[in-house]
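# Architecture and fold: a report
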Amino acid sequence: QPVCPNGNLLSGKRAKRMTKVTSGHRLTDNTMPAEGTGWNGIYSTILADETAAITYDLGTSSGISALVVQADNNDTYEVSVSEDGKTFEKIWTVPKHPLSGMRLRLQQGLKSQGRYVRLSPIAGDSSYSASEFQVFCKHPKVWPPAITINLPKEASGSMSRKVRLAIKKLVV
């Protein structure tokens, strides 16, 4: 029987398995770069090619109803789940986004379950990256959930104080 805890099931978790992935810890820290930031910035997890994948162990089989992914806009990704960590079933194809740079994508209304959750690129321009990955059993009351936005280092110095403060107050 799957459990259904509150909150982001991946919050602060380390990957169980990473294949062709750089800086995987960035996906579960509840922070992401500003929308439109370049694909390979300091807050990005790089996935080398279509064989790359990052897998998380939730510790026990959990229901899954909603997902959050911020990733490079012109690529398609797959979120899949497994009970045994070996045989995975796709639960969402993360679509391309029409605007450039890192872009948030949201999915809700899922009726899935699994102990292991995997994110992998499946098509695009061969420059794959993601910066935030969240999984929910219970749909958060606030949707989309609050995520800390990191301003690009090079941009924050050139913006006025008023603009920086306004951006920091944004909740995605």
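Now for a description of the structure that goes with this document. (Residues numbered from 1 in each chain as written. Predicted model: local features only at pLDDT ≥ 70, side-chain atom pairs only at ≥ 80, totals over all residues. Heavy atoms only, no water.)

## Quick look at the overall build of the protein
To keep it simple, the criterion reads: Helix and strand definitions here come from DSSP, where helices need a minimum of 4 consecutive H or I residues and strands a minimum of 2 consecutive E residues; each element is numbered from the N-terminal end. The cut-offs for exposure are 20% and 50% of the maximum accessible area for each residue type, with area from a 1.4 Å probe on protein chains only; residues under the lower value are buried, those over the upper are exposed, and the others partly exposed. Any two residues whose heavy atoms approach within 4.5 Å at even a single point are treated as in contact. With residues, only the protein chains shown are counted as cover, and all accessible areas are computed by Shrake-Rupley using a 1.4 Å probe.
From N to C terminus, the protein includes 2 helices and 10 strands. Reading the protein from its N end, one meets helices and strands in the order β-β-β-β-β-β-β-β-β-β-α-α. Across the 172 residues that make up the protein, the buried fraction comes to 47%. Here the analysis covers contacts within the protein between residues at least 6 apart in sequence; of these, 80% occur between residues at least 24 apart. Carbon together with sulfur atoms contributes 51% to the accessible area of the protein, which is approximately 8,600 Å² in total.

## Quick word on the side chain of threonine 45
Our working rule: Each polar contact in these results corresponds to two N or O atoms within 3.5 Å; when the atoms are within protein, one needs to be able to donate a hydrogen and the other to accept it, and residues that are neighboring in sequence are counted only if both atoms are side-chain atoms.
Examined against the element boundaries, threonine 45 turns out to sit in strand S4 (residues 45-47). Judged by its relative accessible area of 0%, threonine 45 is buried. At 2.7 Å, the side chain of threonine 45 and the backbone oxygen of serine 23 are in polar contact. In contact with threonine 45, other than residues within four places in its own chain, are Val21, Thr22, Ser23, Gly24, Arg26, Leu27, Tyr128, Ser129 and Ala130.

## What to know about the state of the cysteines
Here a disulfide denotes one covalent bond, and it connects the sulfur atoms of two cysteines. Rule in force here: Disulfide: a pair of cysteine sulfur atoms within 2.5 Å of each other.
Using the criterion set out here, one finds 1 disulfide in the structure. Paired by a disulfide, cysteine 4 and cysteine 137 hold their sulfur atoms 1.9 Å apart. The sign of the -110° torsion about the S-S bond sets the cysteine 4-cysteine 137 disulfide as left-handed. A residue pair is termed long-range when its members are at least 10 positions apart, and cysteine 4 in the segment before strand S1 (17-19) and cysteine 137 in the loop between strand S9 (128-136) and strand S10 (148-150) qualify at 133 residues. Exposure remark for cysteine 4: the relative accessible area of 35% places this residue in the partly exposed category. Take cysteine 137: its relative accessible area is 10%, and that puts it in the buried class.

## Section: unusual backbone geometry
A cis amide bond, omega -5°, links tryptophan 143 with the succeeding residue proline 144. At serine 23, a position not held by glycine, the phi torsion is positive, near 60°. Mapping serine 23 onto the fold places it in the loop between strand S2 (21-22) and strand S3 (31-33). By relative accessible area, which is 22% here, serine 23 ends up partly exposed. Non-glycine residue serine 126 carries a positive phi angle of around 70°.

## Description of the pairing of strand S8 (residues 102-123)
Going by this rule: Each pair of strands is called paired provided DSSP finds at least two bridges between the two strands.
Sheet topology note: the strand S5 (residues 53-72)/S8 ladder contains 14 bridges and is antiparallel. Directly across from tyrosine 56, in S8, lies its bridge partner valine 117.

## Thoughts on the pattern of salt bridges
Just so we agree on the cut-off: For this analysis, a salt bridge means a side-chain nitrogen from Lys or Arg found within 4 Å of a carboxyl oxygen belonging to Asp or Glu.
A full pass over the atoms with the stated rule returns 3 salt bridges. Of the charged contacts in the structure, one is a salt bridge between glutamate 35 and arginine 103, with a shortest N-O distance of 3.9 Å. Highlighted residues: glutamate 35 in the loop between S3 and S4 and arginine 103 in strand S8, separated in sequence by 68 residues. Residue classification places glutamate 35 among the partly exposed positions, given a relative accessible area of 34%. Arginine 103 gets classed as buried once you look at its relative accessible area, which sits at 14%.

## Topic: the packing of aromatic side chains
Where we set the bar: Note on ring pairs: Phe, Tyr and Trp rings are taken, using the six-membered ring of Trp, and paired if centres are within 6.5 Å. Classes follow the plane angle, with under 30 degrees stacked, over 60 edge-to-face and the rest tilted. Either the NZ atom of lysine or the CZ atom of arginine qualifies as a charge over a ring when it sits within 6 Å of the ring centre and within 35 degrees of the ring normal.
In total, this model carries 3 aromatic pairs according to the counting rule given. Between tyrosine 77 and tyrosine 128, the ring centres sit 6.2 Å apart and the planes meet at 80°, which makes this aromatic pair edge-to-face. In this pair, tyrosine 77 sits in strand S6 (residues 76-82) while tyrosine 128 sits in strand S9, placing the two residues 51 residues apart along the sequence. When the ring centre of phenylalanine 88 is taken as origin, the NZ or CZ atom of arginine 118, which lies over that ring, is 3.9 Å away.

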